[in-house]
Amino acid sequence: MISLAAVNAPLEPDRQTRSELAAQALSYLDDWYDRAGTMPVGAGVTDEQILATLAREPSEEGSDLASLLAVLTAAAQGGINHLSGGHMSYIPNSGLYTAALGELLAAGLNRYTGVADSAPGFTAIEHGVVAWLRSLFMMGPESSGLLLSGGSMANFTAIVTARTDKLGDEFNNGVLYVTSHTHHSAAKAARLAGFRDDQVVPIGVDSNLRMNTGALVAQIQADRANGLKPFLVVASAGTTNTGTVDPLEEMAEIVADQDIWLHVDAAYGGFFQLTDRGREVLRGIEQADSVALDPHKGLSIPFGVGAIIVQREQSLVDAHEGRGAYLFYEDSHMGLRDISSLGPELSRPFRGLSVWLPLQLHGIGPFREALDYSLDLAGHAFERLSAIDGVDARWKPDLSVVGVMFDDDRLGQAALDAVNEDRTTHLSPTIIDERFVLRFAILNRRTTIDHVDHAIDIIEKTLRG
Ligand SMILES: *Cc1c(COP(=O)(O)O)cnc(C)c1O
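Residues numbered from 1 in each chain as written. Predicted model: local features only at pLDDT ≥ 70, side-chain atom pairs only at ≥ 80, totals over all residues. Heavy atoms only, no water.

## Describing the packing of helix α9 (residues 213–225) against helix α10 (residues 248–256)
The line we're drawing: The angle between two axes is taken between their N-to-C directions and runs from 0 to 180 degrees, where each axis is a line fitted to C-alpha atoms and a helix contributes only its stretch in contact. Helix numbering and strand numbering both begin at the N terminus, where a helix is a DSSP run of H or I of at least 4 residues and a strand a DSSP run of E of at least 2. Oblique is the label for every angle not falling under 35 degrees (roughly parallel), over 145 degrees (roughly antiparallel), or within 65 to 115 degrees (roughly perpendicular). In a left-handed crossing the near helix is turned counterclockwise from the far helix by less than a right angle, and in a right-handed crossing that turn is clockwise. Contacts are assigned to residue pairs with any non-hydrogen atoms lying within 4.5 Å of each other. Note on residue categories: nonpolar means Ala, Val, Leu, Ile, Met, Phe, Trp, Tyr, Cys or Pro, charged means Asp, Glu, Lys or Arg, and polar means any other residue, Gly included.
Where α9 contacts α10, the two axes come as close as 10 Å, and the packing angle between them is 20°. In terms of orientation, α9 and α10 fall into the roughly parallel class. Of the two elements, α9 crosses α10, and the hand of that crossing is right-handed. Across from Thr 213, Leu 216, Val 217 and Ile 220 in α9, the residues of α10 making contact are Glu 250, Met 251 and Ile 254. For the contact of α9 with α10, the residue count by class is five nonpolar, one polar and one charged.

## What to know about empty space enclosed by the protein
The probe, sized like a water molecule, is rolled over the atoms to show the empty space still left. To be explicit about the condition: Points on a 1 Å grid, built from protein atoms alone, make a cavity when a 1.4 Å probe fits but cannot get out and make a pocket when they are open with protein on both sides within 12 Å along at least 5 of 7 lines; residues with an atom within 4 Å of a point are the lining residues. Grid points are joined across faces, edges and corners, and a volume is the space filled by probe spheres set on the points.
For the coordinates displayed, the defined rule picks out one cavity of 30 Å³ or more. Taken as a whole, the largest cavity holds about 60 Å³ of empty space. Contributing to the lining of the largest cavity are Gly 298, Ser 300, Phe 367, Ala 370, Leu 371, Ser 374, Leu 443, Asn 444 and Arg 445. Sort the elements by how many residues they give to the lining of the largest cavity and helix α15 (residues 365–386) lands first, with four residues.

## Observations concerning the sheet that holds strand β12 (residues 428–432)
This is how it is decided: What makes two strands pair is DSSP finding at least two bridges between them.
Across the sheet, four strands lie side by side as β10-β11-β13-β12; this open sheet has antiparallel pairing. Edge strands, defined here as strands with exactly one partner in the open sheet, are β10 (391–392) and β12. Note that β12 and strand β13 (residues 435–441) share five bridges and pair antiparallel. In the sheet register, Ser 428 faces β13, and the bridge partner there is Arg 439. Set on the sheet, α15 makes contact with β10, β11 (401–406) and β13; between it and β11 the angle comes to about 15°. The strands that helix α17 (residues 449–464) touches are β10, β11 and β13; relative to β13, the one it contacts most, it runs at about 155°.

## Concerning the pattern of salt bridges
Our working rule: The term salt bridge refers to a pairing of a side-chain nitrogen on Lys or Arg with a carboxyl oxygen on Asp or Glu at a separation within 4 Å. A simple rule labels every residue: compare its accessible area, found with a 1.4 Å probe on the protein chains alone, to the largest value its type can have, and call it buried under 20%, exposed over 50%, or partly exposed in between.
Going through the model one piece at a time under the given rule, you end up with 19 salt bridges. Its salt-bridge partner being Asp 372, residue Arg 277 comes within 3.2 Å of it at the nearest N-O pair. Taken as a pair, Arg 277 in helix α11 (residues 276–281) and Asp 372 in helix α15 lie far apart in primary sequence, 95 residues in all. Residues Glu 345 and Arg 351 are paired through a salt bridge, measuring 2.9 Å at the closest nitrogen-oxygen approach. A relative accessible area of 25% places Glu 345 in the partly exposed class. Residue classification places Arg 351 among the buried positions, given a relative accessible area of 7%.

## Things to note about the nonpolar core
Note that soluble globular proteins tend to have their nonpolar side chains buried in a common cluster. Where we set the bar: Definition of nonpolar core: a set of buried residues of the types Ala, Val, Leu, Ile, Met, Phe, Trp, Tyr and Cys, connected through side-chain atoms within 4.5 Å. Start and end points for every domain follow an automatic or database-based domain assignment.
If you look at the biggest cluster of nonpolar residues, it comprises 54 residues, and the most contacted ones within it are Val 233, Leu 262, Val 264, Phe 271, Ile 285, Val 291 and Leu 293. If you count residues domain by domain, this core takes at least three from each of domain 1 (111–362) and domain 2 (365–464). Formed by 29 residues, the second largest nonpolar core is a distinct cluster that contains Ala 154, Ala 189, Phe 195 and Leu 232.

## Quick look at the domain arrangement of the protein
Counted only if it meets this: Summed over both partners, the accessible area lost on bringing two parts together, with a 1.4 Å probe, is the buried area.
Split by domain assignment, the protein resolves into domain 1 (111–362) and domain 2 (365–464). Between the C-alpha centres of domain 1 and domain 2 the distance comes to 29 Å. The interface is formed by 29 residues belonging to domain 1 together with 19 residues belonging to domain 2. Here domain 1 and domain 2 share an interface that buries about 2200 Å² over both sides, 62% of which is from carbon and sulfur atoms.

## Here's the deal with the layout of surface pockets
Counted as a void, the largest pocket has a volume near 890 Å³. For the largest pocket, the lining is made up of 26 residues, of which Leu 29, Tyr 33, Leu 72, Ala 100 and Pro 302 are closest to its centre. Those elements giving two or more residues to the lining of the largest pocket turn out to be α2 (15–35), α4 (65–75) and α5 (97–109). When residues of the lining of the largest pocket are assigned to their parent elements, the largest contribution, seven residues, is made by α2. Split by residue class, the lining of the largest pocket holds 20 nonpolar, six polar and no charged.

Put into structure tokens, the structure is as follows:
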């Protein structure tokens, strides 16, 4: 019979082996981070042959870490280097070394944060992160929330919570309101939450692409008259298309006396609340029943950390509490609510550490300054783009996404192609009113004025022909 020690040996490396493995992995990562500011955003080319070798099955005996790190380098080819400051497409995330260390520590300690009883200290750390978010949005002592995998899950959790709170088990007649600029994850979440497509009602937007509140009031009245039950309005605090913030104060006023839940999707724009200018633009967000946030956007935490905060903890519990006979626990421990009773997951990664560690280590100041600088850069981009002949910069940015049309859509597409072929910077387009729109999404901590100017120079040159 083989001994347990022999079976486990490779899986339980001794201290020296652990140190060597960690040194190799961290040194590999260092090489990336040394180059992060200057690396091209276009990550080179890959092909199907390489992808096929990456997908190969594991062997019986395994191999060494050095050769596996070489595989990672091959795997990193193609697509976008998110670490690069040139990344201004979609909604960027620049990554954060200290947050990655937080993830390593969390995974290494591997404590269970589904129930407070099994890791009260770690649960307290995560609740502390959420408490900071709640206070950032001026929510009261009844408020609550949790960290999830991203904005999509935050929107899903919000919609399920609003459904339970406002409609209970009968939600055949419920209707919720969005605009054509609301992130598609809201409609997807509604479908996952059991709503038909016709229960998601788009409200028109004004010339600034904000929800038309007059149209909202009229639609609510019309739907009520038709025997439907309006129960939720989804506002955007920074649309993905153009970074536009819906009229939050007005929307809060409209729903206040209507028994309708107001959810604000602030996955992109929420952390601008840390800045004076952002706080001004986001005014009214503190009146929302729930807010979706993405630390993996505005705080540069590695992908996989979103958040939902709500005004009343009980609304989350009503929607998510579940019990199994095999789980002997109260739903709170030493005053700490079980995270699993607030959201859809039971077992979950200890996400709190990857947010807590960098916030505690660096303080909030550097995050605030980085976001403030993004606003400066967006203002600069808007000014320069406005001055270019053939560019139609009709939407002054609310936050840090600058979307522009072109007098000729084909020239806009050509400008985008030229920027991305150059690989120093990367932009992505969108379609608004069936017109081509080029976007600068500036949220990456490593993006400098040189990156912005470089892309605009190429656009200018393309238009001049
Ligand atoms: C990114 C984003 C989402 C989706 O969030 P994920 O973290 O990608 O799941 C939802 N809404 C808005 C406004 C976003 O920018």
